[in-house]
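For reference, the chains in residue letters:
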Amino acid sequence: RPNTLKQRIRDNQPIVSAWLSIPSGYSAEILARQGFDCVNVDLQHGMIGFDHAVPMLQAISATDAIPIVRVGNSEPAAMMKLLDAGAYGVICPMISNVEDAQTFVSACRYPPHGNRSFGPARGLLYGGADYAKHANDEILTIGMIETREGLDNVDAIAAVDGLDGLFIGPNDLSLALGKAPMAEPTDPEVVAAIAKILEAAQNQAKVAGIFCSSPAAAAKRIAQGFGFVVPGNDAGMLTQAGRNAVAGARAN
Ligand code: 3PY
Ligand code: MG
């Protein structure tokens, strides 16, 4: 199965991703049916472990949205297991140097391009019988730049072979620069860091992504040149919808 996210990157078409923190196959299914290019199961900050991630990936893979995951760290075993569970892309947090990026990419690629172990389980069901032949080309690898070291090394990280893109965590990046965590940073130093990461990705013809806290913020990031945006997560959407419902019902 071709990864339509890779095609969109080649065609310079922005990717709009859903972001799941609620451990539910049902909410995964609901969001996967709303037109997102991909749906991310967040195992870093979401309330989600491997056992919940599997039915969520199953729900997403019954739709046209591509199932991806954000892992908790760059530990290879966990990401290999999620790839086996059918994730077609991995977002890895806290990539700080070339070695981090290489360890990450290697875990997502079968030899000779990496050290991913063979046992693709649901990968085969989702990707098709020829999964093993095409997995190295179809699995999307996105490294997060959100530490000071990562920012300093961003040009070298962006150049790592097999790394498909960079993704900014604005909260951690703000913290790393000594500021309060913010989803939509306004501090000039953080704003400049974001521009630097975007440019580093563009210089390598790789996709630049960023977490956003609203649809309007995501639209602005696309206009700025980002090719992968997240217009909020499930918990934020539910919170907003709940608030609006109460306010609307009490409108008179
Ligand atoms: C951050 O803002 O640090 C993130 O990782 C967003 O998901
Ligand atoms: Mg982060």
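Residues numbered from 1 in each chain as written. Chains lettered and ligands numbered in written order. Predicted model: local features only at pLDDT ≥ 70, side-chain atom pairs only at ≥ 80, totals over all residues.

### Examining the sheet that holds strand 5 (residues 140-145)
Logical step 1: Read around the closed barrel, 8 strands run 1-2-3-4-5-6-7-8, paired in parallel fashion. Sheet twist, expressed as the mean angle between neighbouring strand axes with direction ignored, is 25°.
Logical step 2: Inspection of the sheet shows strand 7 (residues 207-212) paired to strand 8 (residues 228-231) by 4 bridges, in the parallel sense. Within strand 8, the position partnered with Cys-212 by the bridge is Pro-231.
Logical step 3: On top of the sheet, helix 2 (residues 25-32) reaches strand 1 (15-20) and strand 2 (38-42); it is set at about 160° to strand 1, its chief contact. (Pairing = 2+ DSSP bridges. Helix = DSSP H or I, 4+ residues; strand = E, 2+ residues; numbered from the N terminus. Axes fitted to C-alpha atoms, helices over the stretch in contact; angles between N-to-C directions. Contact = placed C-beta atoms within 7 Å.)

### Some thoughts on the nonpolar core
Logical step 1: Core analysis: the largest hydrophobic core is formed by 76 residues, its most contacted members being Val-39, Val-90 and Ile-197.
Logical step 2: The element that contributes the greatest number of residues to this core is helix 11 (residues 188-203), accounting for 7 residues. (Core = buried A, V, L, I, M, F, W, Y, C linked by C-beta atoms within 7 Å. Buried ≥ 20, exposed ≤ 12 C-beta atoms within 10 Å, placed from the backbone.)

### Notes on the confidence of the model for the chain
Logical step 1: Mean pLDDT over the chain stands at 98; residues scoring 70 or higher make up 100%.
Logical step 2: As scored by the predictor, the complex reaches a pTM of 0.98 and an ipTM of 0.98. (pLDDT = per-residue confidence, 0-100.)

### What to know about the site of ligand 1
Logical step 1: Taken together, the neighbourhood of ligand 1 is formed by Glu-146, Gly-169, Pro-170, Asn-171, Asp-172 and Phe-211.
Logical step 2: Broken down by element, the residue count for the shell around ligand 1 peaks at 3 residues, all from helix 10 (residues 170-176).
Logical step 3: Here the residues of the shell around ligand 1 sort into 2 nonpolar, 2 polar and 2 charged. (Near = placed C-beta within 6 Å. Nonpolar A, V, L, I, M, F, W, Y, C, P; charged D, E, K, R; others polar.)

### Details of the pairing of strand 2
Logical step 1: Burial of strand 2 is extensive: 5 of the 5 residues sit out of reach of the surface.
Logical step 2: Direction of pairing for strand 1 relative to strand 2: parallel, over a ladder of 4 bridges. Bridge assignment links Trp-19 to a residue of strand 2, and that residue is Asn-40.
Logical step 3: Running through helix 2, the crossover from strand 1 to the neighbouring parallel element strand 2 is right-handed.
Logical step 4: With 5 bridges connecting them, strand 2 and strand 3 (residues 66-70) associate as parallel partners. Bridging from a neighbouring strand, Cys-38 pairs with Ile-66 of strand 3.
Logical step 5: Each parallel crossover has a hand, and for strand 2 linked through helix 3 (residues 50-61) to strand 3 it is right-handed. (Right-handed = clockwise from strand over helix to strand, strands pointing away.)

### Some remarks on the pairing of strand 7
Logical step 1: The buried fraction of strand 7 amounts to 6 of the 6 residues, a majority that puts the element mostly inside the structure.
Logical step 2: Because side chains alternate across strand 7, one face comprises the buried residues Val-207, Gly-209 and Phe-211, and the other comprises Ala-208, Ile-210 and Cys-212, equally buried.
Logical step 3: For strand 6 (residues 165-168) and strand 7, the ladder comprises 4 bridges, and the chain directions are parallel. Bridge pairing links Gly-165 to Val-207 in strand 7.
Logical step 4: As a crossover connection, the stretch from strand 7 through helix 12 (residues 215-224) into strand 8 is right-handed.

### Quick notes on unusual backbone geometry
Logical step 1: Residue Pro-112 is reached from Pro-111 by a cis peptide bond, and omega for that bond is 10°.
Logical step 2: Note that Pro-112 resides in the loop between helix 5 (98-107) and helix 6 (121-127).
Logical step 3: With a phi close to 60°, Asn-12 is a non-glycine residue in the positive phi region.
Logical step 4: Tracing the backbone through its elements, the reader meets Asn-12 in the loop between helix 1 (4-10) and strand 1.
Logical step 5: A tally of 9 C-beta atoms within 10 Å means that Asn-12 is categorised as exposed.
Logical step 6: With phi around 55°, Met-94 is a residue other than glycine that occupies positive phi space.
Logical step 7: On the basis of neighbour counts, which here come to 19 C-beta atoms within 10 Å, the residue Met-94 falls in the partly exposed class.

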